[in-house]
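Each chain, letter by letter, is given below.
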Amino acid sequence: MLRLGSKRLLRQATAAAVAAPRPVQVAAMPRLYHENVIDHYNNPRNVGSFEKNDATVGTGLVGAPACGDVMKLQIKVDEETGQIVDACFKTFGCGSAIASSSVATEWVKGKQMQEVLSIKNTEIAKHLSLPPVKLHCSMLAEDAIKAAVKDYEAKRTKPSAASEAELPPRAADV
């Protein structure tokens, strides 16, 4: 849908420039999305969700109140190797937010937990050619990755604390 709208606006602007001998004002031209954004928006990868109570799943839920974008990114981790075996997302927001989520899920798959923490919003923004007014979308994706890793690590430490509480008292404690 974005692709069709972009092409239509570009044709109109080109036709107006050819028909009128006056120079085209650049400020009047609409902002167009890069083809990578359009591709990830029209064909998002890894849309969906995992069971959030699954011990192998980490969930990152982040949002930007200024623009209304909300992003949920989930990772599924192999507990033995620490490798992210799958990822998915659900995003409510603009095309750039959806594309940033889609790219993030592709980039985290197959990587180690600590390795995905090095993914920066600037890399996502560069890959999608996001304009400065849309950089917050790539920042949300980076924050969602970090939040998902943090959630997974919190789940891993929680059972060990609970299992210590369930241990019978030692002879020295009685």
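Looking at an unreviewed UniProt entry, one finds the protein named Iron-sulfur cluster assembly protein and attributed to Citrus sinensis. The record in UniProt for the protein states the following under Function (unreviewed entry): "Scaffold protein for the de novo synthesis of iron-sulfur (Fe-S) clusters within mitochondria, which is required for maturation of both mitochondrial and cytoplasmic [2Fe-2S] and [4Fe-4S] proteins." In the Cofactor (unreviewed entry) part of its UniProt record, the protein is described as follows: "[2Fe-2S] cluster".

Asks: Help me get a handle on the pattern of salt bridges, residues and values and all.
Replies: Under the defined criterion, the tally for this structure stands at five salt bridges. Residue Arg 45 pairs with Glu 106 through a salt bridge whose shortest N-O separation is 3.4 Å. With Arg 45 in the loop between helix 2 (35-42) and strand 1 (57-64) and Glu 106 in helix 3 (residues 95-108), the pair connects residues that are 61 residues apart, well separated along the chain. Relative accessible area serves as the criterion here: at 23%, Arg 45 is assigned to the partly exposed category. Its salt-bridge partner being Asp 86, residue Lys 109 comes within 3.5 Å of it at the nearest N-O pair.

Asks: Kindly report on the state of the cysteines, identifying the contributing residues and their values.
Replies: If you walk through the whole model with that rule in mind, you get zero disulfides. Here Cys 137 stays free of any disulfide, with the sulfur of Cys 94 as its closest cysteine sulfur at 3.6 Å.

Asks: So, the side chain of Lys 134: which residues are in play, and what are the values?
Replies: By secondary structure assignment, the location of Lys 134 is in the loop between helix 5 (121-128) and helix 6 (135-166). Setting aside anything within four residues of it in sequence, one finds Lys 134 in contact with Tyr 33, Cys 94 and Ser 96.

Asks: Explain the nonpolar core to me, and be specific about the residues and the numbers.
Replies: Core analysis: the biggest nonpolar cluster contains 27 residues, and Ile 75 and Val 108 have the highest contact counts within it. Mapped by element, the contributors of at least two residues to this core are strand 1, strand 2 (69-77), strand 3 (84-92), helix 3, helix 4 (113-116), helix 5 and helix 6. Excluding anything up to four places from it in sequence, Ile 75 contacts Phe 50, Thr 56, Val 57, Gly 58, Ile 84, Asp 86, Ala 87, Val 108, Met 113, Ala 148 and Val 149.

Asks: Run through the packing of aromatic side chains, naming residues and quoting values.
Replies: Summed over all chains, the structure comprises zero aromatic pairs. Its end group placed over the ring of Phe 50, Lys 76 keeps NZ or CZ at 4.8 Å from the ring centre.

Asks: Got a sec to walk through the sheet that holds strand 1? Specific residues and values, please.
Replies: If you walk across this open sheet you meet the three strands as 1-2-3, and the pairing is antiparallel. Of all strands in the sheet, those with a lone pairing partner are strand 1 and strand 3, marking the two edges. Looking at each pair of strands side by side, their axes are set apart by 15° on average, direction ignored. The pairing of strand 2 with strand 3 spans eight bridges and is classified as antiparallel. By the bridge assignment for strand 3, Lys 72 is matched with Lys 90.

Asks: Hey, could you go over helix 5 for me, with residue numbers and the actual values?
Replies: Of all the residues in helix 5, the buried ones are Asn 121, Ile 124, Ala 125 and Leu 128. Viewed along the axis of helix 5, the buried residues span an arc of 95°, placing them on a single side of the element. For helix 5, the exposed residues lying more than 90 degrees away from the buried face are Thr 122 and Lys 126. Looking one or two residues past helix 5, Ser 129 carries a phi angle of roughly 55°, positive in sign.

Asks: A description of a nonpolar patch on the surface should follow, citing residues and the corresponding values.
Replies: On the surface, a nonpolar cluster with roughly 340 Å² of combined accessible area is contributed by Leu 61, Val 70 and Phe 92. Relative to the assigned elements, Phe 92 resides in strand 3. Of the residues examined, Phe 92 reaches a relative accessible area of 63% and is grouped as exposed.

Asks: Tell me about the pairing of strand 2, residues and numbers included.
Replies: With eight bridges connecting them, strand 1 and strand 2 associate as antiparallel partners. Looking at strand 2, one finds that Gly 63 is bridged to Val 70. Between strand 1 and strand 2, which pair antiparallel and follow one another directly, the connecting turn spans four residues, one of which, Gly 68, has a positive phi of 90°. Count of turn residues in the strand 2/strand 3 antiparallel hairpin: six residues, of which Gly 82 carries a positive phi of about 75°.

Rules behind the numbers
- Residues numbered from 1 in each chain as written.
- Predicted model: local features only at pLDDT ≥ 70, side-chain atom pairs only at ≥ 80, totals over all residues.
- Heavy atoms only, no water.
- UniProt positions renumbered as here; feature names shortened; annotations may be inferred.
- Salt bridge = Lys/Arg side-chain N within 4 Å of Asp/Glu carboxyl O.
- Helix = DSSP H or I, 4+ residues; strand = E, 2+ residues; numbered from the N terminus.
- Buried < 20%, exposed > 50% of the residue type's maximum accessible area, 1.4 Å probe, protein only.
- Disulfide = S-S within 2.5 Å.
- Contact = heavy atoms within 4.5 Å.
- Core = buried A, V, L, I, M, F, W, Y, C linked by side-chain atoms within 4.5 Å.
- Phe/Tyr/Trp six-rings, centres within 6.5 Å; stacked < 30°, edge-to-face > 60°.
- Lys NZ or Arg CZ within 6 Å of the ring centre and 35° of its normal.
- Pairing = 2+ DSSP bridges.
- Axes fitted to C-alpha atoms, helices over the stretch in contact; angles between N-to-C directions.
- Arc of directions from axis to C-beta.
- Patch = residues over 30% accessible without salt bridge, like charges linked within 9 Å, V, L, I, M, F, W, Y side chains within 5 Å.
- Areas by Shrake-Rupley, 256 points an atom, 1.4 Å probe, with all protein chains shown as cover.

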